[in-house]
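Examination of the molecular architecture
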Amino acid sequence: MILEEEGRFEAEVAEVEGWWNTERFKLTRRPYSARDVVSLRGNLKQTYGSNEMAKKLWRTLKSHQAKGTASRTFGALDPVQVAMMAKYLDSIYVSGWQCSSTHTSTNEPGPDLADYPYDTVPNKVEHLYFAQQYHDRKQREARMSMSREERARTPYVDYLKPIIADGDTGFGGATATVKLCKLFVERGAAGVHIEDQSSMTKKCGHMAGKVLVSVTEHINRLVAARLQFDVMGVETVLVARTDADAANLIQTNVDARDHQFILGATNPNLKGKSLAAIMAAAMAAGKTGAELQAIEDEWVAAAGLKSFSDCVKDAIRSLNNVGEEERRRRLSEWERASSYDKCVSNEQGREIAERLGLKNLFWDWDLPRTREGFYRFQGSVEAAIVRAWAFAPHADLIWMETAKPNLAECTKFSQGVKSMRPETMLAYNLSPSFNWDASGMSDEEMKDFIPRIAKLGFCWQFITLAGFHADALVIDTFAKDFARRGMLAYVERIQREERNNGVDTLAHQKWSGANYYDKVLKTVQGGISSTAAMGKGVTEEQFKETWSGGGGNMGMNGGAMVVAKSRM
């Protein structure tokens, strides 16, 4: 019995090792062994539909990467949107912002601060994933009920489009990330993205006050996610997001890769007068609100905040005991020794500075720490590139959150990442938080933006909140018109437009699957049923009539149903 148990264990370890050696994981680095993974599994071997979707997503993204194109999609709110999207797009996005604002698991809406229950987004994924499977079943039943000629005239829709979901910061430590990822796999997600903000202070990527975690901590999150996927035996696509371009705070200085982007005070008059201590004293003295803000602003203005590198360069330029040529030589030597790709630690930087004649250089990164203890951070594309290099071995795609749609910035990021990680796939948020009309792009340039950055390697691109905005626009404009013009507004704005565009919700009973469940009922009852929902008398028969007047006959869904205006 013991030998049999060990034999099964060793066979499974060998199976995992073989799996890891496939093309799928050739770029993936794991700090744990196949034996570790198998030891964390139970004896009941389970399979997940989301794994098939993950494999499909991987093939889709790799195909786009090879062709220099992109899978383009947007955030889906509900089963109607996900079914409509399936006809035209090859992936689906589920946004934490949309869930936070419209559909938390406690039904309490709010902004994207990651304070909603951690099962909120997995629940939405399941909602959409079940809808995808249902429409797939419904379509198959309908197609197999058609003649070959009818089937040839009726376009097939792949409703099973892979879902990539917002995993936020992982919702806590490694164990929280593990449990979140397990939910995503069980509920249908083909991909998950996790970002490098602090889970305690998380903000939407286009809000202020973002606090980064260290490079090390985010790698731990990515490793935790990958470990859970491995334990479950799935190939879920992992997207690592960084907010380092625009962040201005970081939790800790523990990781040397972060050092060059942390700001320090350069005013020696503030020695021993930390901002946190001064603010605490002011609060103890009864200062509040605007008074406290004024004290902080005054301190920051006097601090001369700079990165250590900028402090060194300014000190070299100020040297009076050497000539201009020597100053240029020392600047050049500093820049060679401390270029951002070398990730020089502060300790190493100080040693280099001393060799260049800068002893007792005043620069203090603790003095400007906030009342919460956070360090000041100089966000930049370079900071995002450094993080992308670190995250890439543990993730399948890298996403840099940006403040605006900027082709030059995309180019810089892509070239920087690929200089060390040439095969890395990139993702881009085509955010509705950007005022695209104020971006300086012409309409033609906006049209070409997706394909242009796709050529840079951004093979997955998405509008996070397009479902939300489309929903709001349609309902607001229709409700206003309906209040004024009644049923004419509905017929003109909705029913005729559904007909003219071949939108299959025009026949909403059929769309919802009434025919499918009639088939179920008849199958149960020997092939007939007097209570079939789509039997004689169903009002949807009105939409099967044809009439040559006022708009003519319109084919819907490629000829699946011929509809026209009802007789007047």
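Note that this is a predicted model, so its numbers are computed, not measured. (Residues numbered from 1 in each chain as written. Predicted model: local features only at pLDDT ≥ 70, side-chain atom pairs only at ≥ 80, totals over all residues. Heavy atoms only, no water.)

Let's talk about the overall build of the protein chain
Each helix and strand counted, the protein chain has 22 helices and 15 strands in total. Dimensions of the protein chain, computed from C-alpha atoms along their principal axes, come out at roughly 100 × 75 × 50 Å. Classification of the 568 residues of the protein chain by burial places 48% in the buried group. Within the protein chain, residue pairs in contact and separated by at least 24 positions form 74% of the contacts whose partners lie at least 6 positions apart. In the form shown here, the protein chain has an accessible surface area of approximately 27400 Å², with 53% of it arising from carbon and sulfur atoms. Distance between charge centres in the protein chain, computed from 73 positive and 73 negative side chains, equals 4 Å. (Helix = DSSP H or I, 4+ residues; strand = E, 2+ residues; numbered from the N terminus. Buried < 20%, exposed > 50% of the residue type's maximum accessible area, 1.4 Å probe, protein only. Contact = heavy atoms within 4.5 Å. Areas by Shrake-Rupley, 256 points an atom, 1.4 Å probe, with all protein chains shown as cover. Lys, Arg positive; Asp, Glu negative; His and termini not counted. Charge placed at Lys NZ, Arg CZ, Asp CG, Glu CD.)

Looking at the packing of helix α13 (residues 308–317) against helix α14 (residues 324–337)
Following both chains from N to C, one finds α13 and α14 inclined at 165°, their axes separated by 9 Å at the closest point. For the element pair α13 / α14, the angle class is roughly antiparallel. Judged by the twist between their axes, the crossing of α13 over α14 is right-handed. Together, F308, S309, V312, K313, I316 and R317 of α13 and R327, R330, L331, W334 and E335 of α14 make up the contact between the two elements. Per-class residue counts for the contact of α13 with α14 are 5 nonpolar, 1 polar and 5 charged. (Axes fitted to C-alpha atoms, helices over the stretch in contact; angles between N-to-C directions. Parallel < 35°, antiparallel > 145°, perpendicular 65-115°, else oblique. Left-handed = near helix turned anticlockwise from the far one by under 90°. Nonpolar A, V, L, I, M, F, W, Y, C, P; charged D, E, K, R; others polar.)

Notes on unusual backbone geometry
In this structure, N107 is a non-glycine residue whose phi angle is positive, near 60°. Along the chain, N107 falls in the loop between α5 (96–102) and α6 (120–144). Look at N107 and you get exposed, because its relative accessible area is 62%. Positive phi is not limited to glycine here, since N360 has a value of about 60°. Relative to the elements of secondary structure, N360 occurs in the loop between α15 (346–355) and β10 (375–376).

Side note on the environment of S439
In this structure, S439 sits in the loop between β12 (425–429) and α18 (443–454). Each C-alpha atom, one on S439 and one on M1, is 69 Å from the other, the two residues being 438 residues apart in sequence. The contact partners of S439, leaving out residues within four places of it in the chain, are P405 and M446. Side-chain polar atoms of S439 contact the backbone oxygen of W436, separated by 2.6 Å. Of the polar contacts made by the side chain of S439, one reaches the backbone nitrogen of M441; its length is 3.3 Å. (Polar contact = N/O pair within 3.5 Å; in protein donor to acceptor, adjacent residues only side chain to side chain.)

Some thoughts on a negative patch on the surface
On the surface, D437, D443, E444 and E445 cluster together into a negatively charged patch. Among the structural elements, E444 can be located in helix α18. (Patch = residues over 30% accessible without salt bridge, like charges linked within 9 Å, V, L, I, M, F, W, Y side chains within 5 Å. Salt bridge = Lys/Arg side-chain N within 4 Å of Asp/Glu carboxyl O.)

Some words on empty space enclosed by the protein
The full count for this structure, using the stated rule, is 1 cavity of 30 Å³ or more. A volume near 30 Å³ is recorded for the largest cavity. Along its surface, the largest cavity is lined by A76, L77, S95, Q98, C99, T102, H103 and K124. With 3 residues, α5 is the largest single contributor of residues to the lining of the largest cavity. For the lining of the largest cavity, the per-class residue count stands at 3 nonpolar, 4 polar and 1 charged. (1 Å grid on protein atoms, 1.4 Å probe; cavity = no way out; pocket = protein on both sides within 12 Å on 5 of 7 lines; lining within 4 Å. Points joined across faces, edges and corners; volume = space filled by probe spheres on them.)

Thoughts on the pattern of salt bridges
As enumerated under the stated definition, the model contains 37 salt bridges in all. With its nearest N and O atoms 2.5 Å apart, the salt bridge here joins E186 to K182. Of this pair, E186 and K182 both sit in helix α8 (residues 174–187), 4 residues apart, which is roughly one turn of the helix. Residue classification places E186 among the partly exposed residues on the basis of a relative accessible area of 36%. For K182, a relative accessible area of 36% translates into the label partly exposed. D255 is the partner of R257 in a salt bridge, and the nearest nitrogen-oxygen pair spans 2.9 Å.

Topic: the UniProt feature "binding site: substrate" (unreviewed entry) in the protein chain
Cross-referencing UniProt, the feature "binding site: substrate" (unreviewed entry) maps to S95, G96, W97, G205, H206, R241, N429, L430, S431, P432, S433 and T464 in the present numbering. Residues from the annotated list that form part of the lining of the largest cavity: S95. Tracing the sequence through the fold places S95 in the loop between β2 (92–94) and α5. In this structure, S95 is in contact with D166, T464 and L465, ignoring residues within four places of it in sequence. Assignment of secondary structure puts G96 in helix α5. Accessibility expressed as a relative area gives 0% for G96, which makes it buried. (UniProt positions renumbered as here; feature names shortened; annotations may be inferred.)

Overview of the UniProt feature "binding site: Mg(2+)" (unreviewed entry) in the protein chain
With numbering matched to this structure, UniProt assigns "binding site: Mg(2+)" (unreviewed entry) to D166. Mapped onto the secondary structure, D166 falls in strand β3 (residues 163–166). With near-sequence residues (within four places) excluded, D166 lies in contact with Y93, V94, S95, G96, W97, V121, F184, H193 and E195.

Things to note about the sheet that holds strand β1 (residues 71–74)
Overall, parallel pairing links the 8 strands, which are arranged β1-β13-β12-β11-β6-β4-β3-β2 in an open sheet. Two strands close off the open sheet at either side, each with one partner strand: β1 and β2. Each adjacent strand pair in this sheet contributes to an overall mean axis angle of 25°, direction not counted. Judged from the 4 bridges that link them, β12 and strand β13 (residues 458–463) form a sheet pairing that is parallel. Its bridge partner being in β13, A427 is matched across the sheet by W460. Against the sheet, α18 makes contact with β1, β12 and β13, and its axis sits at roughly 145° relative to β13, the strand it touches most. (Pairing = 2+ DSSP bridges.)

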